[in-house]
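Residues per chain, in single letters:
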Amino acid sequence: QVQLVESGGGLVQAGGSLRLSCAASGRTFSTYAMGWFRQAPGKEREFVAAISGNGGVTHTANSVKGRFTISRDNAKNTVYLQMNSLKPEDTAVYYCAASMGRPNVLQGYGYWGQGTQVTVSS
């Protein structure tokens with residue numbers, strides 16, 4: 001089992017940047033694929049980005065491709081989401097999640113953090 005804690009959210013102006021972090025408990029972090037998801041008010045949760053256990057494979061949603069980058073540091077049990085050129089439509093609660101399966105199999109994400117709010121002002 002793994003526990004996840006996100007941090008790094010906040011209020012930023014359009015065009016700005018934020019880096020989200022997700023710290024995981026446990027000594028088997030590298031065996032988990034990690035993903036970032038987001039949920040805006042009144043909308044369903046959507047996939048943002050995912051990364052394989054060794055960091056060699058990443059997937060990014062078309063809506064954020066070229067602006068957001070997912071990475072991980074297995075020595076620190078942490079996954080990151082670097083968000084650049086932020087837009088008001090990126091406003092949402094961002095969640096990290098862990099999966100024992102492939103990073104692009106969204107149904108496999110069974111462990112979730114509590115979320116961190118990102119607000120982008122225009």
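Above this text is the structure in question.
Residues numbered from 1 in each chain as written. Predicted model: local features only at pLDDT ≥ 70, side-chain atom pairs only at ≥ 80, totals over all residues. Heavy atoms only, no water.

Chemist: Looking at this structure, I do not really get the sheet that holds strand 1 (residues 4–7). What am I missing?
Modeler: The strand order 1-3-8-7 describes an open sheet built from four strands, whose pairing is antiparallel. Lying at the two open borders of the sheet, with one neighbouring strand each, are strand 1 and strand 7 (68–73). Pairwise comparison of adjacent strand axes, ignoring direction, gives a mean angle of 15 degrees for this sheet. Direction of pairing for strand 1 relative to strand 3 (residues 18–24): antiparallel, over a ladder of four bridges. Bridge pairing in strand 3 links Val5 to Ala23. (Pairing = 2+ DSSP bridges. Helix = DSSP H or I, 4+ residues; strand = E, 2+ residues; numbered from the N terminus. Axes fitted to C-alpha atoms, helices over the stretch in contact; angles between N-to-C directions.)

Chemist: I would appreciate a short explanation of the pairing of strand 5 (residues 46–51) in the present structure.
Modeler: On any regular strand, side chains alternate: one points to one face of the sheet, the next to the other face. Counting buried positions over the six residues of strand 5 gives five, a clear majority of the element. Strand direction decides the pairing type here: strand 4 (residues 33–39) and strand 5, joined by five bridges, are antiparallel. Within strand 5, the position partnered with Phe37 by the bridge is Phe47. The loop that links strand 4 with its antiparallel partner strand 5 comprises six residues; one of these, Gly42, has a positive phi angle of about 75 degrees. When strand 5 meets strand 6 (residues 58–60), the two strands line up antiparallel, connected through three bridges. When the bridges of strand 6 are listed, Ala49 appears paired with Thr60. In textbook terms, the turn of a hairpin is the stretch between consecutive antiparallel strands, and for strand 5 and strand 6 this stretch comprises six residues, one of which, Gly55, has a positive phi near 80 degrees. (Buried < 20%, exposed > 50% of the residue type's maximum accessible area, 1.4 Å probe, protein only.)

Chemist: When you look at the side chain of Arg38 in this model, what are you seeing that I'm missing?
Modeler: By the secondary structure assignment, Arg38 is in strand 4. With a relative accessible area of 6%, Arg38 lands in the buried category. In this structure the side chain of Arg38 is engaged in a polar contact, spanning 2.9 Å, whose partner is the side chain of Asp90. At a separation of 2.9 Å, a polar atom in the side chain of Arg38 contacts the side chain of Tyr94. (Polar contact = N/O pair within 3.5 Å; in protein donor to acceptor, adjacent residues only side chain to side chain.)

Chemist: Is there a simple way to think about unusual backbone geometry in this case?
Modeler: Negative phi characterises most residues that are not glycine, and trans characterises most peptide bonds. Positive phi, normally seen in glycine, also occurs at Asn77, with a value near 50 degrees. When you line up the elements, Asn77 lands in the loop between strand 7 and strand 8 (78–83). For Asn77, a relative accessible area of 16% corresponds to the buried category. For Ser85, which is not glycine, the phi torsion reads 50 degrees and is therefore positive. By relative accessible area, which is 41% here, Ser85 ends up partly exposed.

Chemist: Help me out: how do you make sense of the nonpolar core in this one?
Modeler: Considering soluble globular proteins, one finds that nonpolar side chains tend to be buried as a cluster. Formed by 35 residues in total, the largest nonpolar core has its most connected members in Met34, Trp36, Leu81, Met83 and Tyr94. For this core, the secondary-structure elements that each account for two or more residues are strand 3, strand 4, strand 5, strand 7, strand 8, strand 9 (92–99) and strand 11 (116–121). Every residue in contact with Leu81, bar those within four places of it in the chain, is listed here: Leu18, Arg19, Leu20, Trp36, Val48, Ala49, Phe68, Thr69, Ile70 and Tyr94. (Core = buried A, V, L, I, M, F, W, Y, C linked by side-chain atoms within 4.5 Å. Contact = heavy atoms within 4.5 Å.)

Chemist: Looking at this model, I keep getting lost on the pattern of salt bridges. Mind explaining?
Modeler: Pairs may arise between side chains of opposite charge once their charged atoms sit close together. Scanning all chains against the criterion turns up three salt bridges. Across the pair Glu46 and Arg38 runs a salt bridge whose closest N-O atoms are separated by 2.5 Å. Overall, Glu46 belongs to the partly exposed group, its relative accessible area being 33%. The shortest N-O distance in the salt bridge between Asp90 and Arg38 comes to 2.9 Å. Of the two residues, Asp90 sits in the loop between strand 8 and strand 9 while Arg38 sits in strand 4, which places them 52 residues apart along the sequence. Here the two residues Asp90 and Arg38 agree in accessibility, since each one is buried. (Salt bridge = Lys/Arg side-chain N within 4 Å of Asp/Glu carboxyl O.)

By themselves, these figures tell us nothing about what the structure is for.
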